[in-house]
There are 2 protein chains.
Amino acid sequence: MSRGLKLYYDFMSQPSRALYIFLSTNKVPFERCPVALRKFEQKTPEYRKNVNRYGKVPCIVEQDFRLAESVAIYRYVCREYPVAPHWYPADTVRQARIDEYLSWQHLNIRADVSLYFFHVWLNPLMGKEVDAAKTDRLRDRLKKGLDFFEHDLLANGKRPFLAGDTISIADLSAACEIEQVKIAGYDPCGGRPHLSAWLGAVRERTNPYYDEAHKYVYRLAPDHISTPAVPEDD
Amino acid sequence: MSRGLKLYYDFMSQPSRALYIFLSTNKVPFERCPVALRKFEQKTPEYRKNVNRYGKVPCIVEQDFRLAESVAIYRYVCREYPVAPHWYPADTVRQARIDEYLSWQHLNIRADVSLYFFHVWLNPLMGKEVDAAKTDRLRDRLKKGLDFFEHDLLANGKRPFLAGDTISIADLSAACEIEQVKIAGYDPCGGRPHLSAWLGAVRERTNPYYDEAHKYVYRLAPDHISTPAVPEDD
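You'll find chain A entered in an unreviewed UniProt entry as glutathione transferase, with Anopheles stephensi given as the organism. If you open the UniProt record of chain A and go to Subunit (unreviewed entry), you find "Homodimer."

Okay, structure coming up:
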């Protein structure tokens, strides 16, 4: 029996894509509720009242229960629905490693990517100036973050996924974050063979949903950045 | 039998204080390993190699196992040690609510507090200029975040703790974040009676450890901010 799970999301939001892919890959039945960030639909009083008091996507709703924050939603879905155990293993050390990455990510990879994306891609769209010196600073920060990912988190390829030999919610969340900078013209895979192989492995294990959720990323990324063929629209 | 848990911490770090209080209140045996952030001890190659690859506090070490990020550490300790269940209840909805807050906090209350604290208090110590317009912007952001806490998260006093009627790791983590702005001369309790009552309740339920961990906060806060009497040094 369906529990009436609704997912509020926008494919321009990294954690929205990750959750969409996660639910789809695990065959969790859910109702698609797109929210247009470009129209600020997530900031309306109705949305805040009925869906997410924080005024953000993604969010899930099940009857009277509303839950925001993708990290909290992953854990809830893993408790409440039949999800393949490798996504969030019961093993205490692997679970701790996944929790550690997902907590660390907020002020690191996610911030590195989002600050660059906002400044370089979103600001001009909003009529705001792009400061060249700030762009350089943010690009340096982004490079440093992605290099740490390549060399330390993936241990230069000795660790195929972030928490061991199988894909977990940490990988999916990280991949969807990192894809976002392609829109702003930065190729995260350039000069990073292990990150590149890992990104390909995450995509391969979650397709066709990965490509579906990334169709706007693929379309918006400039030509010099290699992306898969864009899936057809529904 | 003690499992040889070591906590690496500095009382100037919000999540370090929260973990110290959490372990102490729950009588989890641990070895105190202070790390002096003011001397950048967390950035040394030895520390990164032997304790925390992310170069931060807090961190725990148990033999070969090293775990960073306070949110991950709470969950690990709750799985592995006898901890009173109200800190992280098995009930799926309350657990989800706690996860939601702890995830949301990173880029909201924690960022609001840290940005203000760094700009107003830490920058001058490091010989950096304090920009008045930026201070105003950061203070506005901080006020907005704390007002949301007062009116929405605590529901204007209708919700005594963040995830129900009893204290949880979300409350302890939030309280230690919010205390930090007192050092920078901002009183989070001023004009916020519910936040003030809640902060007092978190303190009351975790003393004497709360006051011990906050002794530097109490000492460094300027006189116009009311703080409890400073505990004696060890």
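(A) A look at the overall build of chain A. The number of helices and strands found in chain A is ten helices and four strands. Put simply, chain A runs from its N terminus to its C terminus through helices and strands in the order β-α-β-α-β-β-α-α-α-α-α-α-α-α. Since a compact globule built from 234 residues should have a radius of gyration of about 17 Å, the 17 Å found for chain A is in line with a globular shape. In terms of overall dimensions, chain A has a C-alpha envelope of 50 × 45 × 35 Å along the principal axes. Of all 234 residues assigned to chain A, the portion counted as buried reaches 55%. Mean positive and mean negative side-chain charge positions of chain A (33 and 31 charges, respectively) differ by 4 Å.

(B) Quick look at the pattern of salt bridges. Enumeration over the complete set of coordinates arrives at 26 salt bridges over all chains. Connected via shared salt-bridge partners are R3, E62 and E80 of chain A.

(C) Fine view of the relation of the copies chain B and chain A. For the pair chain B and chain A, the superposition axis carries a translation of 0.0 Å, the fit reaches an RMSD of 0.0 Å, and the rotation angle comes to 180°. Here the transformation between the copies is reduced to the relation of a two-fold axis. Taking C-alpha positions as the reference, the residue of chain B nearest the rotation axis is H106 of chain B, at 3.2 Å. A shared binding surface is used by both copies, with 100% of the interface residues of chain B retained as interface residues in chain A.

(D) Main features of the side chain of D211 of chain B. Relative to the assigned elements, D211 of chain B resides in helix 9 (residues 209-213). A polar contact of 2.7 Å, which involves the side chain of D211 of chain B, links it to the side chain of R203 of chain B.

(E) Geometry of the packing of helix 6 (residues 132-153) of chain A against helix 8 (residues 193-206) of chain A. All names here are of chain A. Between helix 6 and helix 8, the shortest axis-to-axis distance is 8 Å and the interhelical angle comes to 80°. With respect to their mutual orientation, helix 6 and helix 8 come out roughly perpendicular. Only P193, H194, L195 and W198 of helix 8 make contact with helix 6, whose side of the interface consists of L146, F149 and E150. Of the residues assigned to the contact of helix 6 with helix 8, the class counts are five nonpolar, one polar and one charged.

(F) Representation of the environment of L37 of chain B. Residues and elements named next belong to chain B. When you line up the elements, L37 lands in the loop between strand 2 (31-34) and helix 2 (45-50). When the C-alpha atoms of L37 and F11 are compared, they prove to be 9.4 Å apart, with 26 residues separating the residues in sequence. Excluding anything up to four places from it in sequence, L37 contacts D10, S13, Q42 and V57.

(G) Spotlight on the pairing of strand 4 (residues 65-68) of chain B. Here strand 3 (residues 59-62) of chain B runs beside strand 4 of chain B; their pairing, made up of four bridges, is antiparallel. Pairing of I60 of chain B across the sheet is with L67 of chain B, part of strand 4 of chain B.

(H) View of the sheet that holds strand 1 (residues 6-9) of chain A. Residue and element names in this part refer to chain A. The strand order across the open sheet built from four strands is 2-1-3-4, with neighbouring strands paired in mixed fashion. Since the sheet does not close on itself, it has two edges, and those belong to strand 2 (31-34) and strand 4 (65-68), each with one partner. Within the sheet, the average angular offset between the axes of one strand and its neighbour, ignoring direction, is 20°. Here three bridges tie strand 1 to strand 3 (residues 59-62), and the two strands are oriented antiparallel to one another. Counterpart to L7 in the pairing with strand 3 is I60.

(I) Quick peek at the sheet that holds strand 1 (residues 6-9) of chain B. All names here are of chain B. Taken together, the four strands give an open sheet; going across it, the order is 2-1-3-4, and neighbouring strands pair in mixed fashion. If you trace the sheet from one side to the other, it starts and ends with strand 2 and strand 4, each paired once. Across the sheet, the mean angle from the axis of one strand to that of its neighbour is 20°, orientation sign disregarded. Summarising the sheet, strand 1 and strand 2 pair through four bridges and their orientation is parallel. Pairing of L7 across the sheet is with R32, part of strand 2. Sheet contacts for helix 1 (residues 14-25): strand 1 and strand 2; angle to strand 1, the most-contacted strand, approximately 150°. Most of the contacts of helix 3 (residues 70-80) go to strand 4, to which it runs at about 130°, and overall it touches strand 3 and strand 4.

Rules used in this analysis
Residues numbered from 1 in each chain as written. Chains lettered and ligands numbered in written order. Predicted model: local features only at pLDDT ≥ 70, side-chain atom pairs only at ≥ 80, totals over all residues. Heavy atoms only, no water. UniProt positions renumbered as here; feature names shortened; annotations may be inferred. Helix = DSSP H or I, 4+ residues; strand = E, 2+ residues; numbered from the N terminus. Rg over C-alpha atoms; globule rule 2.2 N^0.38 Å. Buried < 20%, exposed > 50% of the residue type's maximum accessible area, 1.4 Å probe, protein only. Lys, Arg positive; Asp, Glu negative; His and termini not counted. Charge placed at Lys NZ, Arg CZ, Asp CG, Glu CD. Salt bridge = Lys/Arg side-chain N within 4 Å of Asp/Glu carboxyl O. Least-squares fit on C-alpha atoms with pLDDT ≥ 70 in both. Contact = heavy atoms within 4.5 Å. Polar contact = N/O pair within 3.5 Å; in protein donor to acceptor, adjacent residues only side chain to side chain. Axes fitted to C-alpha atoms, helices over the stretch in contact; angles between N-to-C directions. Parallel < 35°, antiparallel > 145°, perpendicular 65-115°, else oblique. Nonpolar A, V, L, I, M, F, W, Y, C, P; charged D, E, K, R; others polar. Pairing = 2+ DSSP bridges.

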